[in-house]
Amino acid sequence: MSLAAVFVRRAQNFINVRYARLLCTQVISPSLSKENFDYDLVVIGGGSGGLACAKQAVQLGAKVAVLDFVKPSPRGTKWGLGGTCVNVGCIPKKLMHQASLLGEAIHDSQPYGWKFADPSSVRHDWATLTESVQNHIKSVNWVTRVDLRDQKVEYINGLGYFKDAHTVVALMKNQSERELRTKYVVIAVGGRPRYPEVPGASEHCITSDDVFSLPQAPGKTLLVGAGYIGLECAGFLKGLGYDVTVMVRSILLRGFDQQMATMIGDSMVEKGIKFHHKTRPLAVEKQSDGRLLVRYETDGAGAGEETFDTVLFAIGRQAETGTLKLDRAGVVTADGGKSDKIDVNGEDQTNVPNIYAVGDVLYRKPELTPVAIHAGRIIARRLFGNSDETMDYKDVATTVFTPLEYGCVGMSEENAEAAHGKDNIEVYHAYYKPTEFFVPQRSVRYCYLKAVALREGDQRVLGLHFLGPAAGEVIQGFAAALKCGLTMKILRNTVGIHPTVAEEFTRLAITKSSGLDPTPATCCS
């Protein structure tokens, strides 16, 4: 009798069947013994969601492999294990945003008594910043690989695609192929920036895949696109001292509260960032001096042209499903196969029962790293830990790291009115004056917040929106309160911490419907 069979027989003597199953997984995975699979789980994609799922599954006794392969950007940029967030997303973005804020703080420090031999000589060095950012990223890449090894997750540096629903093929760097038979598959390939069908765009321009390791200072820069990636890049580049223009096809921050989006745009104009509204690029031509001539047209104003040192496209992202050969596994993408994204049910399961998906590859789900991580862990616990937990994609907080940060959770004002009717919604709002802006006499014009609530009863809060310093830190705690059923009655009965910007939520008293001025007389009014 085999060792595994002995343990199975012993386990069956226990009354607690759940404990028996757990004991079996410590010796040999049940799925492997019954169905002759190589793995319990294969994860395609080594980003935040895929890695979180893989590590959680291993901790629950599963045998797991992770496939990850980074195709270079059109400019040749590539990176290590960890996905978009670590390499070309949240982490380098926040570091460069911090660099920008520090530059502002240097000048703000003078009224507080800090002295410089020659304040006008303060300059930023792009090469130092990118080296520091890339060194940090490489250290995270290394720690991630070591962590997978220590946790017994098999890492395969290969491009994964399906042979069938239970067979994943890894195409290795040397073009050899390796087949992996697996009970379950999790698709976590994320997305990459899109280029428009504009002559010269992919040949001469960059995206967010390239900007954080750009070998030379960007100089005069055009950002094409007004989503959060475009505005964040525009913000930190301007803060670092570069001439920045944003080209907007339609609206700013589509999908976000539009009053807040307009205020963000206005605050960026106040910082010196230029905007071309209702404008589309027509062509990008490289000049003899290496600069880029951009030809464009503006609704109502006709054609125009301008020369830039760098052009960065941030017009959206596409899911990396094109190389997966999903049809071989029977997986159908969203919108009847017309979309590049994958639709899933309430358990993050595709139309093929043993294949799941997480992260930015999902159709109409928040494209946020913490969402992917949380969903990945939940899938693993459900598959291998006897959990019945499912991912809740509603009321997820996020922050846009523009120069004046914007944090939000829950419904926008527009969505709340559409869902509940304008007459059933009350909006509490206020301008405020951060203490941090007093001594340097910085503009407080766009420091603003609002709570969108139901008008009836205790007024359940549907959405919270905050524009100002440290917005991400502020909104995180209030997000938990909103998930717990926060009402305006509870919010008004919460004592704030003074002097902080977060306390402004506890002081909301003026409604839009009242028509009263929401501007305070002092910091304590």
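To start, this report covers the structure provided alongside it. (Residues numbered from 1 in each chain as written. Predicted model: local features only at pLDDT ≥ 70, side-chain atom pairs only at ≥ 80, totals over all residues. Heavy atoms only, no water.)

### What about the overall build of the protein chain?
For the protein chain, the helix and strand inventory stands at 16 helices and 21 strands. Across its three principal axes, the protein chain shows a C-alpha extent of roughly 80 × 65 × 50 Å. In the protein chain, the share of contacts with a sequence separation of at least 24, taken over all contacts with a separation of at least 6, comes to 63%. Charged side chains in the protein chain number 59 positive and 57 negative. The centres of these two groups are separated by 5 Å. (Helix = DSSP H or I, 4+ residues; strand = E, 2+ residues; numbered from the N terminus. Contact = heavy atoms within 4.5 Å. Lys, Arg positive; Asp, Glu negative; His and termini not counted. Charge placed at Lys NZ, Arg CZ, Asp CG, Glu CD.)

### Focus: the side chain of N87
Along the chain, the position of N87 falls in helix α5 (residues 83-88). Judged by relative accessible area, which is 3%, N87 ranks as buried. Of the polar contacts made by the side chain of N87, one reaches the backbone oxygen of G80; its length is 3.2 Å. In terms of polar contacts, N87 uses its side chain to reach the side chain of N141, at 3.1 Å. For N87, the residues in contact, after removing those within four places along its chain, are W79, G80, L81, G82, P92, I137 and N141. (Buried < 20%, exposed > 50% of the residue type's maximum accessible area, 1.4 Å probe, protein only. Polar contact = N/O pair within 3.5 Å; in protein donor to acceptor, adjacent residues only side chain to side chain.)

### A few points about the sheet that holds strand β21 (residues 461-467)
Pairing between sheet strands relies on hydrogen bonds along the backbone, with the strands arranged either parallel or antiparallel. Pairing in this open sheet of five strands is antiparallel, and the strands run β17-β18-β21-β20-β19 from one edge to the other. For this open sheet the edge positions go to β17 (398-400) and β19 (425-431), each flanked by a neighbour on one side alone. Across the sheet, the axes of successive neighbouring strands diverge by a mean angle of 15 degrees, strand direction being ignored. As defined by bridge partners, strand β18 (residues 406-410) adjoins β21 across five bridges and the pair is classed as antiparallel. Looking at the pairing, V409 lines up with L464 of β21. (Pairing = 2+ DSSP bridges. Axes fitted to C-alpha atoms, helices over the stretch in contact; angles between N-to-C directions.)

### Digging into helix α11 (residues 258-270)
Between the first and last C-alpha of α11 there are 18 Å, a value that for 13 residues agrees with the 18 Å anticipated at 1.5 Å per step. Elements that come into contact with the buried residues of α11 comprise α10 (228-239), β10 (274-277), β18, β19, β20 (448-454) and β21. Its side-chain oxygen placed 3.1 Å from the backbone nitrogen of Q259, D257 serves as the N-cap of α11. (Expected span 1.5 Å × (residues − 1).)

### Focus: the environment of G302
Structurally, the position occupied by G302 is in strand β13 (residues 302-308). Along the sequence, G302 and T399 sit 97 residues apart, while their C-alpha atoms lie 35 Å from each other. With near-sequence residues (within four places) excluded, G302 lies in contact with Y296 and E297.

### Some remarks on the sheet that holds strand β12 (residues 292-298)
What the three strands build is an open sheet, ordered β11-β12-β13; its pairing is antiparallel. The sheet terminates laterally at β11 (279-286) and β13, the two strands that pair on one side only. On average, each strand axis in the sheet is tilted by 25 degrees relative to the strand beside it, whichever way the strands run. Here seven bridges tie β12 to β13, and the two strands are oriented antiparallel to one another. Bridging across to β13, L292 finds its partner in F308.

### As for the pattern of salt bridges
Think of it this way: side chains of opposite charge can pair up when their charged atoms draw near. For the structure shown, the criterion picks out 28 salt bridges. It is possible to trace a salt-bridge network through shared partners that takes in E104, D108, K271 and R442. (Salt bridge = Lys/Arg side-chain N within 4 Å of Asp/Glu carboxyl O.)

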